[in-house]
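Residue-level listing of the chains:
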Amino acid sequence: MSEREVVHHDEVPDRFENPGLEPHRHRQSDVDPRAAKRAELQVVGLLLLSILAAIGGVAGYFLFPAGETLGQIRLGNTALGLGLGLGMLGIGLAAVHWAKALMNDTEQIEMRHELRGDDAARAGAVDKLQAGIADANVARRPLIKGALAGALALAPLPFVLPLVGNLTPDWDITRFRYTAWRNKPSGAAGRRLAIDPTNEPIRAADVTIGSAFHVIPQDLGDLPGEDHFLNEKAKAVVLLVRMHPDEMKVSPGREDWSYHGIVAYSKVCTHVGCPVALYEQNTKHLLCPCHQSTFDLADEARVIFGPADRALPQLPISVDEEGYLIAKSDFHEPVGPSFWERLK
Ligand code: FES
């Protein structure tokens, strides 16, 4: 007998010590054809469950399209997640049940051997693999075969769908050139800056030196020409800080972009778009948590460390007649990763 030879339990030679296992007992499905049929139908049922879950997940994705609210986005994504999870679970349970109840029930003992085999051993492995496939009784159970093929084909669908879906919509790079800040309410000098998420406008007098605010355009998403709230917010979000005007470096042309030391910069990192939010009051440095790009807000948000390639775009601001902060225009250049504006 070669080192790699596999011997059946009943044929184990004397030199193998009997570990004291109970004599082999046949499964119900081995001795009762009706039990085998029942097990087969249970496996098929689990695979059908997987198929239904995948179809349900995809249907839920289309039934609850991303709308105006976070809840609508979550419903669609939850349906996809459930479809994917239940689909995989169905296949897993079916495989386990199939193996336990229907695959050939032969105990085997494999001799210890070196890890690397010779060519003959490898050829033997291929033979054994083929024997294992035959052992799984796939050919004899076409019902399971068909259900398994269907489940394996459909289960990844909830995962693939969002990837494909994101490639096909009307992708328009120019939409990233502009934000809701350029959209003024009629008759107003500019869009008011509002605290996120309360939508309360901010008076310049309420912004003390050293303070920082997470800011969006007031009544975001309400004006004509604006996309839905989350899209507009992702582009327009701003960090508003105040420092002593003597601490600021201001280049020619930007003298009136700030208001008594209050400055506003895009929060979308110019590296790959993470929200920059870690503001260090003493140094006036703003850190992006993703790859540690650091921007100096006292020096027009210039990059002083990290992979970002350009400064954060500045939002020129002023105040209206009631003392509320307003945006005088859109950002002075497109927000976000630098490759966007280079495409056109
Ligand atoms: S996204 Fe900000 S440093 Fe990479």
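Structure: see above.
Residues numbered from 1 in each chain as written. Predicted model: local features only at pLDDT ≥ 70, side-chain atom pairs only at ≥ 80, totals over all residues. Heavy atoms only, no water.

Turning our attention to helix H2 (residues 33-63). Given 3.6 residues per helical turn, the α-helix brings residues three or four places apart onto the same face. Under the 1.5 Å per step criterion, the end-to-end length of H2 is 44 Å for 31 residues, consistent within 8% with the ideal 45 Å. Between the side-chain oxygen of the N-cap and the backbone nitrogen of Arg-34 there are 2.9 Å, and the N-cap of H2 in question is Asp-32. (Helix = DSSP H or I, 4+ residues; strand = E, 2+ residues; numbered from the N terminus. Expected span 1.5 Å × (residues − 1). Polar contact = N/O pair within 3.5 Å; in protein donor to acceptor, adjacent residues only side chain to side chain.)

Our next topic: the pairing of strand S3 (residues 191-195). Taken across its five residues, S3 has four buried, putting it largely inside the fold. By the bridge criterion, two bridges tie S3 to strand S13 (residues 325-327) in an arrangement that is antiparallel. Along S13, the bridge assignment pairs Arg-191 with Ala-327. Across two bridges, the pairing between S3 and strand S4 (residues 200-201) is antiparallel. Looking at S4, one finds that Ala-194 is bridged to Pro-201. Count of turn residues in the S3/S4 antiparallel hairpin: four residues, of which Asn-199 carries a positive phi of about 70°. (Buried < 20%, exposed > 50% of the residue type's maximum accessible area, 1.4 Å probe, protein only. Pairing = 2+ DSSP bridges.)

Taken together, the side chains of Leu-82, Leu-86, Leu-89 and Leu-93 make up a nonpolar region of the molecular surface, amounting to roughly 370 Å² of accessible area. Secondary-structure assignment places Leu-86 in helix H3 (residues 70-101). Since its relative accessible area comes to 44%, Leu-86 is described here as partly exposed. (Patch = residues over 30% accessible without salt bridge, like charges linked within 9 Å, V, L, I, M, F, W, Y side chains within 5 Å. Areas by Shrake-Rupley, 256 points an atom, 1.4 Å probe, with all protein chains shown as cover. Salt bridge = Lys/Arg side-chain N within 4 Å of Asp/Glu carboxyl O.)

Okay, the sheet that holds strand S10 (residues 294-296) next. Within a sheet, adjacent strands bond to each other through the backbone by hydrogen bonds, running parallel or antiparallel. Spatial strand order, S8-S9-S10-S11: four strands in an open sheet with antiparallel pairing. Because the sheet does not close on itself, it has two edges, and the strands there are strand S8 (278-280) and strand S11 (302-305). Taking the axes of each pair of neighbouring strands and ignoring which way they run, one obtains an average angle of 30° across the sheet. Here S8 pairs with strand S9 (residues 285-287) via three bridges, running antiparallel. Among the inter-strand pairings, Leu-278 is bridged to a residue of S9, identified as Leu-287. (Axes fitted to C-alpha atoms, helices over the stretch in contact; angles between N-to-C directions.)

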